[in-house]
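Secondary and tertiary structure notes
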Amino acid sequence: MNKLLLAPLAVALLSGTAFADTIKIGVVGPFSGPAALQGRNFQAGIDAWLALNGSQVAGHDLEIVYRDLPAADPAQSAALTQELVVGEGVQYLAGYYYTPDAMAAAPILEEANVPMVVFNAATSAIVNASPYVVRTSFTTWQTSTPMASVARERGIDKVITVVSDYGPGIDSENAFVAGFTGAGGEIVESIRMPMNTNDFSPIMQRIKDSGAEAVFAFLPAGPATLGFMQSYVENGLKSAGVALLAPGDLTQEPDLFALGDNALGVLTTFHYAVSHDSPENHAFVAAASKALGSAADLSFPAVGAFDGMYVISRMIEATGGQQDAAKAVEAVKGLAWTSPRGPVSINPENRHMTQNIYLREVAQVDGQYINKEIQTFENQGDPGWKAP
Ligand code: PHB
């Protein structure tokens, strides 16, 4: 090193100030392929956070390093995560849309001394896969449980459940069945569909034949949810009066534009609606819509990413920019703030969000189709989490 380069180092050491080095955040998500809209929403949430808060935290520049994982693929998730840690030297990992991808990456964290902030993957058990996992999304136990009491309050006695056959689907089914039968309801049949199912007509026929008054359904938001909703309408279940009950993955806002009047009246329970009326959400929606280039594309993965960036910023502050995963995670246990979705906090026991879950009804307001919040279940923890 020559004298010119040594001079600022000496000044920094003498004055006790740390260098403003760049902190890399590795983000894994579906940025191409059929679920690319969900990945674009991760990016929009990050961009919105940077636009509203700046790209420096505690004097450190943030650099976001993206890795594309187009479909649920645990082996590829582990490979990309490893490469981000070893090749890119990221200090934080974030994103992870699908449960199997978060699960496959979690064993890397302790050895790498890197926290993971899960922006979406929603199976309760993910937080048990590593003490360095923190989650800013939701669990399907959390979003599905209130729907059971909504159904009973509306006088529904017989339900058929239909879910994708993997972690969040099984959690969602278990949550609804526990709540619904616990309140005296009857489950007439439970169907688990392979994740790659895209022809839903045979399922719709089984729903019709089951004699259920309503179908409770979970699929991961993406092309399959839109297909499922269209099939529900096209196969005459809606017109036959078979109610559709679901967590909000099935009515993400970008799909509402495609569904039009067909989705009107559908009830869902979820942690976030784009139409949520608060100053925090209005600022978020404006910034995230700008990042997407279209307000109509905005969906819930963006809020998980936006809050995830806040959590990472607090981790960076708490560690002074040093790489110390244990200290970073410890610092956000119990953290409480106002998210665009409403008041939230991180449960220190399981590192998952405690938050409001809203009952929403698909409605048309000022020519727009929205998930209109009509009831609030306050401060919901994760009923599906069990201590390891
Ligand atoms: C998941 O794989 O955990 C997942 C994906 C999409 C959703 C919900 C859960 O909408």
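Shown above is the structure to which this text applies.
A brief report on the enclosed structure follows.

**Observations regarding the side chain of Asn-356**
Mapping Asn-356 onto the fold places it in strand S14 (residues 353-365). Asn-356 has contacts with Phe-270, His-271, Pro-343, Thr-376, Phe-377, Glu-378 and Asn-379, leaving out every residue within four places of it along the chain.

**Quick look at empty space enclosed by the protein**
Enumeration according to the criterion identifies 2 cavities of 30 Å³ or more in this entry. Put simply, the largest cavity is a space of about 90 Å³. The space that makes up the second largest cavity amounts to roughly 40 Å³. If you go around the second largest cavity, the residues you meet are Val-28, Gly-29, Pro-30, Leu-69, Tyr-96, Tyr-97, Tyr-98 and Asp-101.

**Side note on the pairing of strand S7 (residues 158-164)**
Counting buried positions over the 7 residues of S7 gives 6, a clear majority of the element. Between S7 and its parallel partner strand S8 (residues 186-193), the chain crosses via helix H7 (residues 167-182), and the hand of that crossover is right-handed.

**A few points about the site of the ligand**
Around the ligand, the structure places 14 residues, and the nearest of them are Thr-99, Ala-122, Tyr-166, Ala-221 and Asp-249. Ala-122 is positioned with one of its backbone polar atoms (N or O) 2.8 Å from an oxygen atom of the ligand. Within the backbone of Ala-221, an N or O atom sits 3.0 Å from an oxygen atom of the ligand. Here the ligand, which alone exposes 280 Å², has 100% of that area covered by the protein. In this structure the site holding the ligand corresponds to the largest cavity. Of the residues assigned to the shell around the ligand, the class counts are 11 nonpolar, 2 polar and 1 charged.

**Remarks on the layout of surface pockets**
In this structure, the largest pocket encloses a volume near 370 Å³. Residue lining of the largest pocket: 21 residues in total, with Tyr-98, Met-195, Asn-196, Pro-223 and Ala-224 positioned closest to the centre. It is helix H9 (residues 223-234) that contributes the most residues to the lining of the largest pocket, 3 residues altogether. Split into classes, the residues belonging to the lining of the largest pocket amount to 15 nonpolar, 6 polar and no charged. In this model, the second largest pocket occupies a volume close to 250 Å³. Ranked by residues supplied to the lining of the second largest pocket, first place goes to strand S15 (residues 368-380) with 3 residues. Residues that form the lining of the second largest pocket fall into these classes: 9 nonpolar, 2 polar and 2 charged.

**Some words on the pattern of salt bridges**
Evaluation of the coordinates by the stated rule reveals 10 salt bridges. For Glu-330, the salt bridge identified is with Lys-333, shortest N-O distance 3.2 Å. In this structure Lys-333 comes out as partly exposed when scored by relative accessible area, which is 29%. Where salt bridges share partners, they join Lys-24, Arg-67, Glu-83 and Glu-88 into one cluster.

**Considering the packing of aromatic side chains**
Here the structure, examined in full by the defined rule, presents 13 aromatic pairs. Seen in terms of ring centroids, Tyr-310 and Trp-337 are 5.0 Å apart; in terms of plane orientation they differ by 45°. Their pairing is tilted. One end of the pair, Tyr-310, is in helix H12 (residues 301-319); the other, Trp-337, is in strand S12 (residues 336-339), and 27 residues separate them in sequence. Assigned by exposure class, Tyr-310 and Trp-337 land together as buried. Grouping aromatic residues by their ring pairs yields a cluster made of Phe-42, Tyr-97, Tyr-98 and Phe-119.

Conventions used here
- Residues numbered from 1 in each chain as written.
- Predicted model: local features only at pLDDT ≥ 70, side-chain atom pairs only at ≥ 80, totals over all residues.
- Heavy atoms only, no water.
- Helix = DSSP H or I, 4+ residues; strand = E, 2+ residues; numbered from the N terminus.
- Contact = heavy atoms within 4.5 Å.
- 1 Å grid on protein atoms, 1.4 Å probe; cavity = no way out; pocket = protein on both sides within 12 Å on 5 of 7 lines; lining within 4 Å.
- Points joined across faces, edges and corners; volume = space filled by probe spheres on them.
- Buried < 20%, exposed > 50% of the residue type's maximum accessible area, 1.4 Å probe, protein only.
- Right-handed = clockwise from strand over helix to strand, strands pointing away.
- Near = heavy atom within 4 Å.
- Polar contact = N/O pair within 3.5 Å; in protein donor to acceptor, adjacent residues only side chain to side chain.
- Areas by Shrake-Rupley, 256 points an atom, 1.4 Å probe, with all protein chains shown as cover.
- Sits in = over half its atoms within 2 Å of the grid points.
- Nonpolar A, V, L, I, M, F, W, Y, C, P; charged D, E, K, R; others polar.
- Salt bridge = Lys/Arg side-chain N within 4 Å of Asp/Glu carboxyl O.
- Phe/Tyr/Trp six-rings, centres within 6.5 Å; stacked < 30°, edge-to-face > 60°.

From the geometry alone we can't say anything about function, so treat these as descriptive.
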